[in-house]
There are 2 protein chains.
Amino acid sequence: MDLIKVSSQSRTASVAGAIAGSVRANGRVEIQTIGAGSLNQAMKALVLARGYLKDDGFDVVYIPEFVDLDFDGRLVTAIKIIVEPR
Amino acid sequence: MDLIKVSSQSRTASVAGAIAGSVRANGRVEIQTIGAGSLNQAMKALVLARGYLKDDGFDVVYIPEFVDLDFDGRLVTAIKIIVEPR
C-alpha cells in the first residue's frame, strides 16, 4: 500500500491529488502525520480527496491509528490515517 | 444526532468516552473542531474511541467535512468529523 507523508508545509490540493490517485490505482492508501500542523493539512486534503473520489464513484472512509516512529532513537507518536472503501 | 465540540484544551480520554457513549446510544455522532489544536485533540480521541467501541463490537469509520460557522458575522471554516458504522 502507498504511504503518503504529510507535513505542516504540505499543500492540501497536491496531497488531495496524491490521495485520490493512490485510491484510484490501489483502492486504498495510508497517510502519515506528525504533529497538529501536519494532521491539519492532512485532514483538509482528505476532505478534498473524498470529493474528488466521489465524483469517480469511490466512497472512501478514514480510520486513524497511533504509530510509534523511531527517529534515531527518539520515539515519536504519529497519527496514521488509513483510507479505505466504505 | 449528537454534536460534540472539541477544543484544543479538551481532554482526549473524556472526549473519547463521550464519543463512545453517543455511538452506543445512537449509532453515530458528529465531532466539531476549529483549528489545528482542536482537530489534533479530536483525532486522538477518535483513535481511543474506536478502540473502546471495537471492544463492544462496533466498527466505526470517520468522514470529515468542511463546515462554515458564523460567529457574530465572522465566518470560520471548521472541520466536522462524522462517526458512522462502517
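You'll find the structure just up there.
Residues numbered from 1 in each chain as written. Chains lettered and ligands numbered in written order. Predicted model: local features only at pLDDT ≥ 70, side-chain atom pairs only at ≥ 80, totals over all residues. Heavy atoms only, no water.

This next bit is on the overall build of chain A. Helix and strand counts for chain A come out as two helices and four strands. For chain A, the succession of helices and strands along the chain, N to C, is β-α-β-α-β-β. On C-alpha atoms alone, chain A measures out to a radius of gyration of 13 Å, which is about the 12 Å that the 2.2 N^0.38 rule sets for 86 residues. Along the first, second and third principal axes, the C-alpha set of chain A runs to 45 × 20 × 15 Å. Going through the 86 residues of chain A one by one, you find that 47% of them count as buried. Nonlocal contacts in chain A, meaning residues at least 24 apart in sequence, comprise 64% of its contacts between residues at least 6 apart. (Helix = DSSP H or I, 4+ residues; strand = E, 2+ residues; numbered from the N terminus. Rg over C-alpha atoms; globule rule 2.2 N^0.38 Å. Buried < 20%, exposed > 50% of the residue type's maximum accessible area, 1.4 Å probe, protein only. Contact = heavy atoms within 4.5 Å.)

Now for the relation of the copies chain B and chain A. Superposing chain B onto chain A takes a rotation of 180° plus a shift of 0.0 Å along the axis, which leaves an RMSD of 0.0 Å. Put plainly, the chains are arranged around a two-fold axis. Comparing contact sets, 100% of the residues at the interface of chain B also lie at the interface in chain A, consistent with an isologous, same-surface contact. (Least-squares fit on C-alpha atoms with pLDDT ≥ 70 in both.)

One frequently used descriptor of interface size is the decrease in accessible area upon assembly of the parts. Contacts between the two partners involve 21 residues from chain B and, on the opposite side, 21 residues from chain A. Summing both sides of the interface, chain B and chain A together bury roughly 1800 Å²; the carbon and sulfur share of this comes to 78%. For the pair chain B and chain A, the number of links is two salt bridges. Two residues, Arg86(B) and Glu84(A), come together in a salt bridge whose shortest N-O distance is 2.9 Å. On inspection of chain B and its partner chain A, the count reaches three residue pairs in polar contact (both at pLDDT 80 or more). For the side of chain B that touches chain A, the elements supplying multiple residues, two or more each, are helix H2 (36–55), strand S3 (60–71) and strand S4 (74–85) of chain B. Counting residues per element, the side of chain B that touches chain A draws most heavily on H2(B), which supplies nine residues. A class-by-class count of the residues in the side of chain B that touches chain A yields 14 nonpolar, two polar and five charged. (Buried area = accessible area lost by both parts, 1.4 Å probe. Salt bridge = Lys/Arg side-chain N within 4 Å of Asp/Glu carboxyl O. Polar contact = N/O pair within 3.5 Å; in protein donor to acceptor, adjacent residues only side chain to side chain. Nonpolar A, V, L, I, M, F, W, Y, C, P; charged D, E, K, R; others polar.)

Let us now look at the pairing of strand S2 (residues 29–33) of chain A. Residues and elements named next belong to chain A. In terms of residue burial, S2 counts as a mostly covered element, since five of its five residues are buried. In this structure, strand S1 (residues 3–6) lies alongside S2, joined through four bridges in parallel fashion. Looking at the pairing, Lys5 lines up with Gln32 of S2. Where the polypeptide runs from S1 across helix H1 (residues 12–26) and back to S2, its parallel neighbour, the crossover connection is right-handed. One ladder, built from five bridges, connects S2 with strand S4 (residues 74–85); its direction is antiparallel. (Pairing = 2+ DSSP bridges. Right-handed = clockwise from strand over helix to strand, strands pointing away.)

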